[in-house]
Amino acid sequence: MKCKSKVESEDKSDQLFKSVRSVYIALAAYVNKVGQEIGIEKAMELLSNSFAEVGTYQGKKLKKLADKEKLNADEAYELMKVVPKSMGINFMIPQKDSNNVITRLDKCPVYECAKVVGLDIGAFCNNSAIPYFNAIAKQLNIDLEFNRNKVKTSESDFCEEQLTLKK
């Protein structure tokens with residue numbers, strides 16, 4: 001049996017990230033063009049609604065994998081982390097307990113595509129990734145909330161997100 005080396009695994013993750021980034025660049029370019037036609041605020045509102053709908057769908061799928069009705073933050077994140085992994089995103093978790101999970105992403109397709117297209121990075125994230133993950137979280141427990149604590153400001157920086165159990 002042949003084992004994959006760490007380099008091969010990293011290459012696969014990097015290739016996956018680059019593919020996702022390409023799709024997100026196309027999406028950001030589209031949002032930018034639509035924003036020029038109907039106004040950027042309306043374009044971002046539509047983007048947010050679309051990502052929330054898709055997040056609700058994804059959350060319902062993940063909920064089927066849960067072994068109880070209302071998951072705490074730690075339990076929910078264990079299911080949710082499949083999403084950034086499926087996008088080739090590296091992340092670390094500096095805090096994790098039943099009430100809060102904080103994650104830091106060293107590379108982010110949302111950051112990179114908004115930067116390439118010239119969209120406001122924070123606004124693009126607030127209207128894509130945040131409503132998506134918040135909708136997933138709400139399907140796992142209505143009392144969960146997903147927020148961004150910090151937006152990445154340079155290549156060497158990181159994004160920080162937080163999943164919180166409110167009750």
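This section reports on the structure supplied with the text.

Quick notes on the rules
Residues numbered from 1 in each chain as written. Predicted model: local features only at pLDDT ≥ 70, side-chain atom pairs only at ≥ 80, totals over all residues. Heavy atoms only, no water. Core = buried A, V, L, I, M, F, W, Y, C linked by side-chain atoms within 4.5 Å. Buried < 20%, exposed > 50% of the residue type's maximum accessible area, 1.4 Å probe, protein only. Contact = heavy atoms within 4.5 Å. 1 Å grid on protein atoms, 1.4 Å probe; cavity = no way out; pocket = protein on both sides within 12 Å on 5 of 7 lines; lining within 4 Å. Points joined across faces, edges and corners; volume = space filled by probe spheres on them. Helix = DSSP H or I, 4+ residues; strand = E, 2+ residues; numbered from the N terminus. Nonpolar A, V, L, I, M, F, W, Y, C, P; charged D, E, K, R; others polar. Pairing = 2+ DSSP bridges. Axes fitted to C-alpha atoms, helices over the stretch in contact; angles between N-to-C directions.

**A look at the nonpolar core**
Part 1 of the reasoning: M80, F124, L140 and L163 are the most contacted members of the largest nonpolar core, which has 43 residues in total.
Part 2 of the reasoning: Among residues more than four places away in sequence, those in contact with L140 are G59, L62, K63, E69, K70, L71, A76, L79 and M80.

**Details of the layout of surface pockets**
Part 1 of the reasoning: For the largest pocket, the calculated volume is near 180 Å³.
Part 2 of the reasoning: Around the largest pocket, the lining is made up of 15 residues, and of these Y24, M87, I89, A129 and F133 lie nearest the centre.
Part 3 of the reasoning: Looking at the lining of the largest pocket, the elements that each hand over two or more residues are α1 (6-38), α4 (82-86), α5 (109-117) and α7 (129-140).
Part 4 of the reasoning: Among the residues forming the lining of the largest pocket, the class breakdown is 14 nonpolar, no polar and 1 charged.

**Considering the environment of A43**
Part 1 of the reasoning: Secondary-structure assignment places A43 in helix α2 (residues 40-63).
Part 2 of the reasoning: In this structure the C-alpha to C-alpha distance between A43 and S86, which are 43 residues apart in sequence, comes to 26 Å.
Part 3 of the reasoning: Not counting the four nearest positions on each side in its chain, A43 is found in contact with V31, V34, G35 and I38.

**Comments concerning the environment of Q139**
Part 1 of the reasoning: With respect to the secondary-structure elements, Q139 resides in helix α7.
Part 2 of the reasoning: Of the residues examined, Q139 reaches a relative accessible area of 25% and is grouped as partly exposed.
Part 3 of the reasoning: Taking the C-alpha atoms as reference, Q139 lies 21 Å from E45; in sequence the two are 94 residues apart.
Part 4 of the reasoning: Apart from residues lying up to four places away in sequence, Q139 is in contact with T56, G59, K60 and K63.

**A few points about the sheet that holds strand β1 (residues 91-96)**
Part 1 of the reasoning: Strands sit in the order β1-β2-β4-β3 across an open sheet of 4 strands; the sheet is antiparallel. Whereas interior strands pair on both sides, the edge strands pair on one side only; in this sheet they are β1 and β3 (144-150). In this sheet, adjacent strand axes meet at a mean angle of 20° when their direction is disregarded.
Part 2 of the reasoning: One ladder, built from 6 bridges, connects β3 with strand β4 (residues 159-165); its direction is antiparallel. The residue of β4 that forms the bridge with E145 is T164.

**Some points on the pairing of β1**
Part 1 of the reasoning: Looking at chain direction, β1 and strand β2 (residues 100-105) are connected through 4 bridges and run antiparallel. Following the sheet pairing, K96 is matched in β2 by V101.
Part 2 of the reasoning: Taking the residues that link successive antiparallel strands as the turn, the β1-β2 hairpin has 3 residues.

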